Amino acid sequence: MGAIEDPAILKNSVQSTGGVDKQFLAAPVKSAVDKFQLLPEFLKVRGLVKQHLESFNYFVKTEIKKIVRANNLVASRSDPSVYIRYTDVWIGKPSEIVDGVTDSLSPQKCRLGDKTYAAPIYVNIEYCNGSDSRMMMKKEVVIGRMPIMLRSLFCVLHGKDEDELAKLGECPLDPGGYFVVKGNEKVILIQEQLSKNRIIIDSDKKGCIQASVMSSTAMTKSKTIIRMEKEKIYLILNAFTSKVPIMLVMKAMGMETDQEVVQMLGRDPQYAALLLPSIEDCASLGVYTQHQALDFLDKKRKKSMSRFGKDDGALGVLRDIFIPNIPVREGNFHLKCVYVVVMLRRMMDAILNEDAMDDKDYVGNKRLELSGQLLALLFEDLFKSMNDTIKFTVDKILSKASRSSRFDISQHILKDSITNGLERSLSTGNWDVSRFKMHRKGITQIVTRLSFIGAFGAMTKISPQFEKSRKVSGPRALQPSQWGMLCPCDTPEGEACGLVKNLALMTHVTTDEEEGPIISLCCSLGVEDLSLLSGEELHSPDSFLVILNGLILGKHRRPMLFANGMRKLRRAGKVGDFVSIYVHEKQRCVYIASDGGRVCRPLVIADKGVSRIKHHHMKELKDGVRNFDSFLREGLLEYLDVNEENNALIALYEGEATNETTHIEIEPFTLLGACAGLIPYPHHNQSPRNTYQCAMGKQAMGNIAYNQLCRMDTLIYLLVYPQRPLLTTRTIELVRYDKLGAGQNATVAVMSYSGYDIEDAIVMNKSSLDRGFGRCIVMKKMSALYQKYDHACDQIVSPRKAQHDPEKIQILDNDGLASPGEIIRHQDIYLQKECPVNPNANSHPSQTQYRTSKQTYKGAEGEPAVVDRVALCSDKKQNLIVKFMIRHTRRPEVGDKFSSRHGQKGVCGTIVQQEDFPFSERGICPDLIMNPHGFPSRMTVGKMIELLGSKAGVSCGKFHYGSAFGEPSGHADKVEDISETLVKHGFCYNGKDFLYSGITGEPLQAYIFMGPIYYQKLKHMVLDKMHARGMGPRQLITRQPTEGRSRNGGLRVGEMERDCLIAYGTSNLIYERLMISSDPFEVQVCRKCGLLGYINYQTKTRVCSTCKTGDNISAMKLPYACKLLFQELQSMNIVPRLQLADS
Amino acid sequence: MEGATYQRFPKVKIRELKDDYVKFELRESDVSMANALRRVMIAEVPTIAIDLVEIEVNSSVLNDEFIAHRLGLIPLTSERAMSMRFSRDCDACDGDGQCEFCSVEFHLRAKCINDQTLDVTSKDLYSSDHTVVPVEFSDAGTGYENPEDQRGITIVKLRKGQELRLRAIARKGIGKDHAKWSPAATVTFMYEPEIHINEEMMETLSLEEKTSVIESSPTKVFALNPHTHQVEVVDPEAYTYDDEVLKKVESMGKPGLVEVYAKEDSFIFTVESTGAVKASQLVINAIDVLKQKLDAVRLLEDTVEADDQFGELGAHMRGG
């Protein structure tokens, strides 16, 4: 078991043999090294949203420079000597320019002032205004403003400590990783995608096996498919009008002999046999030479594809659009040919053996696109567009014969297009980058600030590649490769179930890494270069192909040696930490990956099952001599991605390691994400319960952030007395949920009481509510605008001038705004201003006519709220914006929703006086009563253990732990230990108490399971939902009652309700509901023609406009919607006629 | 109202008496009586608590309702409460409940002027009536030996420049309306257990078996006499009716070794007061209130008066 046994413990056990120390024997064998301490260190270094920050930092530091360097020249088409060349680009500090003065920005300023937290993008330029003028330089030219991710490298919050953050009005516990755009916090969701530039073998709808490659280079993006259809193999490419025989493509690329292709495929006759029909096919077309093949392809080419300016015919297509990730140097197509052959071979492997098919849902075949990459894409597009616009305007000016002013190209750099483009995409979430054929919606999302953990959840959320409507189970299922990378619990219910995922606690998402050094390293480690290999040698049985990011580098004769060498280099820090080396035995390949978007996680390295981390390492960590990075640098830890995990044998605990073990997990509970980490003892619960809790934890009220009272969000829910859970987990401490809790520890008695507790309802103790249990504050924002017009503007006036109901304006101050601290009731006026009657009239200011306009508060009747704060700020056009925060304190009432941390939600069924509540002889009286029927079908054993643990916790004064799978490592208290504590403090070991009925005073028949459970109050409250109406507003066109609570709408008798009434035979009730109480209307019907007539109110006669008489008209009642239908039908040349019978 | 009388003459024996704690036995009575007493103590003994808060200045971090709620929950000394009027029944003031007969006024003025955080506590509340003041915890065992150390109940903490100024009206009320008016922190009773040990059977057990019987109870009820090696009942009241001993005895195959009965007519009460009323006074007040309520039953014939005095209760009794 444990590799290292402490001699002190051994001695101890020897001594105590006289009286057997049960407790010692029962104690778990201490794992040799407690590696838990690594986790806080990991999070200190990496942070919980490091993936976003890292990605964004990479973009603003490296990628933006690459993009500008790739497009650095903007030259006039007509006169190439007129040009701009960008020599450098960088991002400044977040700031804004107000009235020509540069003012630094802080995120909180932006949130409150509806601004965008952005920093200027500076460039250095060289430019020339024509052949006759000198080359000039300009430095620090602003080309636009880049929204800055909070806590990233260029954010003012970067590296600040708690005090400094507090000065900036920022919560130190806020993870960052989002943007502030126009005052809204926006997070760019992690996008899940299939990996780029990799061969994926799968089958299409008809069951044909195909090999596809999604190529993506800096220049182009394309999809190449090679498919086997009816024994023959074809290439499918967008640039060609139809499928093309593959052998023809090979010939077009210069591989004219069939033998060479077959040789490359390998000696095995099976491959040759599979290729034979394709060879014959090519021959039957009469194509034998490269020239013939190119001619053939040229005919199939889509002619509109000449977007690159120059048109190189079919060869150009093969070079630029056909697997463009494989470079063609000096017209040498050899690499591409090899690549196609490798694709063919893999495809044939799949045909010969079903197992060789790739699994699209396998996490190793997926890449996560993060904010940096998405922004880079957008920036590249906008930057190119800006350059195009410069080119266009310059050309236009140069084409003019006579110019009035001196021409200066540097004046034509526009900075608004980039700024606005970035801002628009971030605030709408629509990524419309036509240059890269990308049209995606819903990329960004507002950070949900309902609870602290909800904001966290938004940052780790992964949005799916497929649309949610697809009815396939594969992508929704839990993938074994998800282990440790993506949380198995945290996924929504319903249509997005299993598609939307969340990152686990320790997951890291890689960013791109330079390939050049890796290639040269590979070569020096003995990889034989591909271009030096003949076809025959390619698949020789004793060698493995070496593939870097989908690019075939060459082959190696001793793959394991090579892989181990590379790994050693990585552990020594010579290659990036996140480069993965993966030997695929079946495909006889060594895959090296350094691309961005792979998920990976840290693991402890073990040599022959012995962990490299020893006691002294952890001690040094505790003493602060070490940090997480030093563990990495010294090769004690390393990051493994999903593919490399396949080459590793990972032991859960050090004790379980065998000789073959290569790695050891740091802590098992890191396989869950932040949201699921809140659940105590999740491993004792039925799995869906944990999933439910993950969704509900995001709706729980509590503290949002330290700056919660300084925020002006549209809606804030706060708990008056939030508590930290008595039963915590390690994750709770790591994400600091114990500092910003969202719930209260309620003493729960599991028993039935009063009958108002059916269907998961809970019975609450009135005295507990009086004392503040479940009390919450709801703050709503209302805002108003003082508009500026050309010649007038809205005016602030004293409300006394206006003759309104004095009751309603009494909370207004002299400026016509409600003052903070005033109690505001339904229908009160909170803002009164004067608007110009005719804003566009160009009259003298003294003659402008004004009318008063007011805004009234619409809240619940009889529920007075309070004006919490009033804030004034100005928008972009310098209009005055007034924001009001209206605060409402609520105590729980019947129908409010509560939930424990185990997916057990319930509404408050009734509120009972304390004296009626059961009590124990110690005087303990529960805060709420939960029905025991909630347990058997839900199987939330974790909740029971939570109750036990919390009960032991309150009696011994120590927080107990319930981390997932934590019992062996001591991060979760065992039930036996808890029971012992309970007994020590005079409770029964099983947590049951002897209770007396509060109503009669007699003892209850059964022992009651009672103790504290952490309860969350959810945001769904009756006050916001209750609705009833008698008379009320009606819709304009149909005259039927309006719909929905917000419009004070009616309650619909729907189809099914109607069916019931019909079946029951209550015709008058139907008549009353569907007609009298809905939209009755009296119509005049002509008995002769059956059409509708009307009453002429002047002559007081009834007329049928078709028959032109009023002789045969009768009045009758009709639903107005019916009359409307008749008229609409008539407008479509359909005549509905009413035939009236005598009643 | 004819028929047998069930009148009994309960006996009360006080075991322990402190200012805020009393433990007594109630004998020769029944559950209904004991429970009625308990219920009245929790819900119907009147006290005085802050009911209306007018805030003049509040620049603290807590909002007005929050502070008002906290003020309401501060226990005030309420010896006067029994003789005070409910605001709703007060004739002296026309319904605004701000006269001396039915209310007490409090003022609070606090401002933090230095860099140290200022704790605003119940000590900062100034009462207009010296008999109604925030409760002090002078009793030993609260951890504050020195009265200077006593800080009272924290209302809010102020930082430099923050200020709190308010006027509060305290009124009489009962716990039924709001828990802040409940004078009782804990009121509970238990049946007095009667534990019989079958000595003969016990003698048949070995010493180890005896200790296992003793240890089976989570509370310390039994003990082994070190001299006679007999199992003795040391503290029958520590028994929590958990049946653990009985289960143990059963599993040993010796049913009847230990038997526990609850004495149906004697109760051990534990009363802890919030400090608003002395615990002993709380019990007496509860008995008074209970008496008044029973008077309502006697006033059955005089329905009008009953209605006046007991409102709905009187009507309810007439109906029942």
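Just so it is clear, the structure is predicted and the values come from calculations on it, not from any experiment.

1. Overview of the overall build of chain A
And step 1. Assigned secondary structure in chain A consists of 30 helices and 54 strands.
And step 2. Seen through its C-alpha atoms, chain A measures out along the principal axes to roughly 110 × 95 × 70 Å.
And step 3. Counting across all 1143 residues of chain A, residues that qualify as buried make up 53%.
And step 4. Taking as baseline every contact in chain A between residues at least 6 positions apart, the subset at least 24 positions apart corresponds to 69%.
And step 5. Split by element, the accessible area of chain A, about 52200 Å² in all, is 52% carbon and sulfur.

2. Some points on the overall build of chain B
And step 1. On a plain count of helices and strands, chain B comes out with eight helices and 12 strands.
And step 2. Across the 320 residues that make up chain B, the buried fraction comes to 43%.
And step 3. Restricting the contact set of chain B to residue pairs at least 6 apart, pairs at least 24 apart contribute 71%.

3. Some details on the nonpolar core
And step 1. One finds A:Leu38, A:Leu39, A:Leu637 and B:Phe106 to be the most contacted residues of the largest nonpolar core, which totals 84 residues.
And step 2. Setting aside residues no more than four positions away along its own chain, A:Leu637 makes contact with A:Leu38, A:Leu603, A:Val604, A:Ile605, A:Ile613, A:Phe628, A:Phe631, A:Leu632 and A:Ile666.
And step 3. Within the second largest apolar cluster, 66 residues are counted, among which are A:Val49, A:Val89, A:Leu105 and A:Phe383.

4. Details of the interface of chain B and chain A
Interfaces are often sized by the accessible area lost when the parts come together.
And step 1. Contact residues are listed per partner, giving 32 residues for chain B and 40 residues for chain A.
And step 2. Of the roughly 2900 Å² buried where chain B meets chain A, counting both sides, 51% is carbon and sulfur surface.
And step 3. Counting across the interface, chain B meets chain A through two salt bridges.
And step 4. Between B:Glu65 and A:Arg887 there is a salt bridge, with its nearest N and O atoms 2.0 Å apart.

5. Regarding the pattern of salt bridges
All names here are of chain A.
And step 1. For the coordinates displayed, the defined rule picks out 70 salt bridges over all chains.
And step 2. Residues Glu-644 and Arg-570 are paired through a salt bridge, measuring 2.7 Å at the closest nitrogen-oxygen approach. Within this pair, whereas Glu-644 is found in helix 21 (residues 642–645), its partner Arg-570 is found in helix 18 (residues 559–571), the two being separated by 74 residues in sequence.
And step 3. On the basis of relative accessible area, Glu-644 is assigned to the buried category, the value being 2%.
And step 4. In this structure, the salt-bridge partner of Asp-770 is Arg-891, at a minimum N-O distance of 2.8 Å. Separated by 121 residues along the polypeptide, Asp-770 in helix 24 (residues 766–770) and Arg-891 in the loop between strand 42 (880–890) and strand 43 (897–900) bring together distant segments of the chain.
And step 5. Judged by relative accessible area, which is 31%, Arg-891 ranks as partly exposed.
And step 6. Each of Arg-111, Glu-170, Asp-174, Glu-185, Arg-449, Arg-711 and Asp-713 takes part in a single network of salt bridges with overlapping partners.

6. A closer look at unusual backbone geometry
Residue and element names in this part refer to chain A.
And step 1. For Gln-827, which is not glycine, the phi torsion reads 75° and is therefore positive.
And step 2. Of note, Gln-827 is situated in the loop between strand 38 (823–824) and strand 39 (829–836).
And step 3. When its relative accessible area of 32% is taken as the criterion, Gln-827 is described as partly exposed.
And step 4. Located in the positive-phi region is Met-939, a residue other than glycine, with phi close to 55°.
And step 5. Checked against the element boundaries, Met-939 lands in the loop between strand 46 (928–930) and helix 25 (941–956).

7. Description of the pairing of strand 9 (residues 184–197) of chain B
All names here are of chain B.
And step 1. Taken across its 14 residues, strand 9 has 11 buried, putting it largely inside the fold.
And step 2. Direction of pairing for strand 9 relative to strand 12 (residues 258–273): antiparallel, over a ladder of 13 bridges. Among the inter-strand pairings, Glu-192 is bridged to a residue of strand 12, identified as Lys-263.

8. Overview of the sheet that holds strand 51 (residues 1080–1086) of chain A
By way of backbone hydrogen bonds, the strands of a sheet pair with one another, either parallel or antiparallel.
Residues and elements named next belong to chain A.
And step 1. Ordered in space as 53-52-51-54, the four strands form an open sheet in which the pairing is antiparallel. Looking along the sheet, the strands with just one partner apiece sit at the ends: strand 53 (1101–1103) and strand 54 (1113–1119). Between one strand and the next, the sheet's axes are offset by a mean angle of 45°, whatever the strand orientation.
And step 2. Sheet topology note: the strand 51/strand 52 (residues 1092–1096) ladder contains two bridges and is antiparallel. Bridge assignment links Gln-1084 to a residue of strand 52, and that residue is Gly-1093.
And step 3. With respect to the sheet, helix 30 (residues 1120–1131) is in contact with strand 51, strand 52 and strand 54, its orientation differing from that of strand 54 by roughly 110°.

9. Brief notes about the environment of A:Val1053
Residue and element names in this part refer to chain A.
And step 1. Its place among the elements puts Val-1053 in the loop between helix 27 (1022–1025) and helix 28 (1055–1064).
And step 2. Here the alpha-carbon distance between Val-1053 and Lys-336, two residues 717 residues apart in the chain, equals 67 Å.
And step 3. Once you skip the residues sitting within four places of it in the chain, Val-1053 turns out to touch Arg-1058, Leu-1061, Arg-1073 and Leu-1074.

10. Looking at the environment of A:Pro40
And step 1. By the secondary structure assignment, A:Pro40 is in helix 3 (residues 38–46).
And step 2. Along the sequence, A:Pro40 and A:Arg730 sit 690 residues apart, while their C-alpha atoms lie 9.6 Å from each other.

11. Quick notes on the side chain of B:Glu192
Residues and elements named next belong to chain B.
And step 1. Secondary-structure assignment places Glu-192 in strand 9.
And step 2. Classification of Glu-192 by relative accessible area gives buried; the value is 10%.
And step 3. Residues in contact with Glu-192, not counting those within four places in the same chain, are Arg-27, Glu-237, Tyr-241, Tyr-261, Ala-262, Lys-263, Ser-266 and Ile-268.

12. With respect to the packing of aromatic side chains
All names here are of chain A.
And step 1. A complete count under the given rule lists 27 aromatic pairs over all chains for this structure.
And step 2. Between Tyr-753 and Phe-917 the ring centres are 5.8 Å apart and the planes differ by 40°, which places this aromatic pair in the tilted class. One end of the pair, Tyr-753, is in the loop between strand 34 (744–750) and strand 35 (762–765); the other, Phe-917, is in the loop between strand 44 (905–912) and strand 45 (919–920), and 164 residues separate them in sequence. Like Phe-917, Tyr-753 is buried.
And step 3. In this arrangement the basic side chain of Lys-243 is found over the ring face of Tyr-234, its NZ or CZ atom lying 4.8 Å from the centre.
And step 4. Over the ring of Tyr-961 we find Arg-730; its NZ or CZ atom is 4.1 Å from the centre of that ring.

13. Quick look at the confidence of the model for chain A
And step 1. Residue-level pLDDT values for chain A average 86, and 94% of them are 70 or greater.
And step 2. Under a pLDDT of 50 for its full length, residues 305–309 of chain A has, in the predicted model, four contacts with residues more than four places off or in other chains.

14. Topic: a negative patch on the surface
Residues and elements named next belong to chain A.
And step 1. Among the surface-exposed residues, Asp-161, Glu-162, Asp-163 and Glu-164 lie close enough to one another that they form a single negatively charged patch.
And step 2. Relative to the helices and strands, Asp-161 resides in the loop between strand 6 (135–147) and helix 6 (162–167).
And step 3. Note on Asp-161: relative accessible area 42%, which makes it partly exposed.

15. Some words on the domain arrangement of chain B
And step 1. When cut into domains, chain B gives domain 1 (47–180) and domain 2 (199–256).
And step 2. One C-alpha centre belongs to domain 1 of chain B, the other to domain 2 of chain B, and the line joining them spans 51 Å.

Cut-offs applied
Residues numbered from 1 in each chain as written. Chains lettered and ligands numbered in written order. Predicted model: local features only at pLDDT ≥ 70, side-chain atom pairs only at ≥ 80, totals over all residues. Heavy atoms only, no water. Helix = DSSP H or I, 4+ residues; strand = E, 2+ residues; numbered from the N terminus. Buried < 20%, exposed > 50% of the residue type's maximum accessible area, 1.4 Å probe, protein only. Contact = heavy atoms within 4.5 Å. Areas by Shrake-Rupley, 256 points an atom, 1.4 Å probe, with all protein chains shown as cover. Core = buried A, V, L, I, M, F, W, Y, C linked by side-chain atoms within 4.5 Å. Buried area = accessible area lost by both parts, 1.4 Å probe. Salt bridge = Lys/Arg side-chain N within 4 Å of Asp/Glu carboxyl O. Pairing = 2+ DSSP bridges. Axes fitted to C-alpha atoms, helices over the stretch in contact; angles between N-to-C directions. Phe/Tyr/Trp six-rings, centres within 6.5 Å; stacked < 30°, edge-to-face > 60°. Lys NZ or Arg CZ within 6 Å of the ring centre and 35° of its normal. pLDDT = per-residue confidence, 0-100. Patch = residues over 30% accessible without salt bridge, like charges linked within 9 Å, V, L, I, M, F, W, Y side chains within 5 Å. Lys, Arg positive; Asp, Glu negative; His and termini not counted. Charge placed at Lys NZ, Arg CZ, Asp CG, Glu CD. Domains from an automatic or database assignment.

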